[in-house]
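As a plain string of letters, each chain reads:
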Amino acid sequence: MIKPFFFNIVFLVLLFQVGMAQKANSEKGKTIKIGLLVNDLTSEHAQRAAESAIRIANEKAGVNGTHFQLITRSMEGAWGTGSKEAVNLVFEEEVWAILGSHDGRNAHLVEQVIAKTKVVFLSAWASDPTLSQAFIPWFYNCVPNDIQQGETLVKGIAKNGKIKKIGIIAQGNYDAEKALKYLKAQIQQGGFQDSETVSLTYSSDHTEAYIKKMRNDAIDAIVLLGDGKSTLELFDLLRKKGLQIPVFGTIPMLGSSGLRPLESEPPLNLTVLNSGNWMKSNTLDSQNRRADSDGISNAIAAYAFDGTNVLINAIKSSGFNRETFNETMAKTNEKGITGNIQFDKNGNRVGPMHLIEITNDDPIFKK
């Protein structure tokens, strides 16, 4: 139902592009706006991290008097709200780029807007591989996609040597279902037996059923797919009910913070995908990138921080020229708190990931 909306904006695109061309070489000494789209206004970790990156850049600024400004918009509301907010950022705020810290469905809406307006869109949370398969030259993703995460996870599990059959519990939302699809493909390619899958529902009434199924099917390890708060709560319940087999998670499992420490007895035997060293308390200081007093406490904040820095540095490298900005984005090669950031020809992030053991001392459990 959103197609008519996009037909209505087509007539604005030429006017927008002409105006941007006229301004392309006159941005020095002015305010450069970067848009941030979040799922809802409770997404404070992404906003705070992006604002930290903006503030740090402005403190260092002095570059021809140019300053950066973050414009945050919520995508909460009726279906299609996300595309309208993206259009508002492009035409009303005249942002140089859009940073997305939201789910994959909303990312596809933003993609439809940037395909017409040719404004750079950097996804800092959605990991749906089909985003890059649209082959839009202005799309980039600083989060490893589901295919990349699944491949790294399965290779890590295979190194265990004792795990022969994997069970998967997936949350019932768009992102988790996409991740499930690609993870199952990687498991089959990795030579494991057909994986057993069940739908994750957030009720302690179901944990015994999960455990019974895992034991009956001789499952050697479990992968939990979903947001951090829900998957970690489920993990704790499974452990309390006596299921002690290894548990694995993907990057979204690190997407919450301020969580209640797990009551399971150490070692937790919980392994999660990660990139970079953002979970080390001194990472920001060692890179001379000061964050707010509460620091970077979860993966959402870490990728938002890095994504904002990537945009800022690419804008500077372009000479504050909109016409060459996308070229400098494509050539990105910088060290962030989530590791080294580079993009392939389709905008996917390239670079290593690793598996880490989770403990109650990690940042996600600190208020």
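You'll find the structure just up there.
Conventions adopted
- Residues numbered from 1 in each chain as written.
- Predicted model: local features only at pLDDT ≥ 70, side-chain atom pairs only at ≥ 80, totals over all residues.
- Heavy atoms only, no water.
- Helix = DSSP H or I, 4+ residues; strand = E, 2+ residues; numbered from the N terminus.
- Contact = heavy atoms within 4.5 Å.
- Polar contact = N/O pair within 3.5 Å; in protein donor to acceptor, adjacent residues only side chain to side chain.
- 1 Å grid on protein atoms, 1.4 Å probe; cavity = no way out; pocket = protein on both sides within 12 Å on 5 of 7 lines; lining within 4 Å.
- Points joined across faces, edges and corners; volume = space filled by probe spheres on them.
- Nonpolar A, V, L, I, M, F, W, Y, C, P; charged D, E, K, R; others polar.
- Expected span 1.5 Å × (residues − 1).
- Buried < 20%, exposed > 50% of the residue type's maximum accessible area, 1.4 Å probe, protein only.
- Pairing = 2+ DSSP bridges.
- Right-handed = clockwise from strand over helix to strand, strands pointing away.
- Axes fitted to C-alpha atoms, helices over the stretch in contact; angles between N-to-C directions.

**Q** I'd like a description of the environment of Asn 333, backed by residues and values.
**A** As for its placement among the helices and strands, Asn 333 is situated in strand S11 (residues 333-336). In sequence terms Asn 333 and Ala 314 are 19 residues apart; their C-alpha atoms lie 9.9 Å from each other. Once residues lying within four places of it in the same chain are set aside, the contact partners of Asn 333 are Asn 340, Ile 341 and Gln 342. A distance of 3.2 Å separates polar atoms of two side chains, one belonging to Asn 333 and the other to Asn 340.

**Q** Give a detailed account of empty space enclosed by the protein, specifying residues and quantitative values.
**A** Going through the model one piece at a time under the given rule, you end up with three cavities of 30 Å³ or more. There is about 40 Å³ of room inside the second largest cavity. In terms of lining residues, the second largest cavity is bounded by Asp 146, Gln 149, Gly 150, Ala 179, Leu 183 and Thr 250. Put simply, the parts of the chain that give the lining of the second largest cavity at least two residues each are helix H5 (146-158) and helix H6 (174-189). The dominant element in the lining of the second largest cavity, judged by the number of residues it contributes, is H5, at three residues. A per-class count over the lining of the second largest cavity returns two nonpolar, three polar and one charged.

**Q** Please provide a residue-by-residue account of helix H4 (residues 104-117), values included.
**A** Over its 14 residues, H4 extends 20 Å from the first C-alpha to the last, a length consistent with the 20 Å expected when each residue adds 1.5 Å. When we look at burial in H4, the residues that qualify are Gly 104, Asn 106, Ala 107, Leu 109, Val 110, Glu 111, Val 113, Ile 114 and Thr 117. Phi turns positive one or two residues past the end of H4, at Lys 118, with a value near 60°.

**Q** Lay out the pairing of strand S3 (residues 97-101) with the relevant residues and their values.
**A** Where a strand is regular, its side chains alternate between the two sheet faces. Among the five residues that make up S3, five are buried, leaving the element largely enclosed by the rest of the structure. Judged by which residues are buried, S3 turns out to be covered on both faces: Ala 97, Leu 99 and Ser 101 on one side and Ile 98 and Gly 100 on the other are all buried. As defined by bridge partners, strand S1 (residues 31-38) adjoins S3 across five bridges and the pair is classed as parallel. Bridge assignment links Gly 35 to a residue of S3, and that residue is Ile 98. Sheet analysis places S3 next to strand S4 (residues 120-123), joined by four bridges and oriented parallel. Counted as the bridge partner of Ala 97 is Val 120 from S4. Handedness of the β-α-β unit built from S3, H4 and S4 comes out right-handed.

**Q** Give a detailed account of the layout of surface pockets, specifying residues and quantitative values.
**A** By volume, the largest pocket amounts to about 670 Å³. Looking at the largest pocket, it is lined by 32 residues, and the ones nearest its centre are Trp 125, Asp 227, Gly 228, Gly 255 and Ile 300. Listing elements by their share of the lining of the largest pocket, those giving two or more residues are helix H2 (44-60), H6 and helix H8 (228-240). A total of four residues in the lining of the largest pocket trace back to one element, the largest contributor, which is H6. When grouped by side-chain class, the residues that make up the lining of the largest pocket number nine nonpolar, 16 polar and seven charged.

**Q** Would you mind going over the sheet that holds strand S2 (residues 67-74) in detail, with residue names and values included?
**A** Taken in spatial order, the five strands line up as S2-S1-S3-S4-S5 in an open sheet, and their pairing is parallel. Since the sheet does not close on itself, it has two edges, and those belong to S2 and strand S5 (139-141), each with one partner. Neighbouring strand axes in the sheet, compared pairwise and without regard to direction, differ in orientation by 25° on average. Two strands pair when backbone bridges link them, and S4 and S5 are joined in this way by three bridges, in the parallel orientation.

Function-wise, these values are silent; they only describe arrangement.
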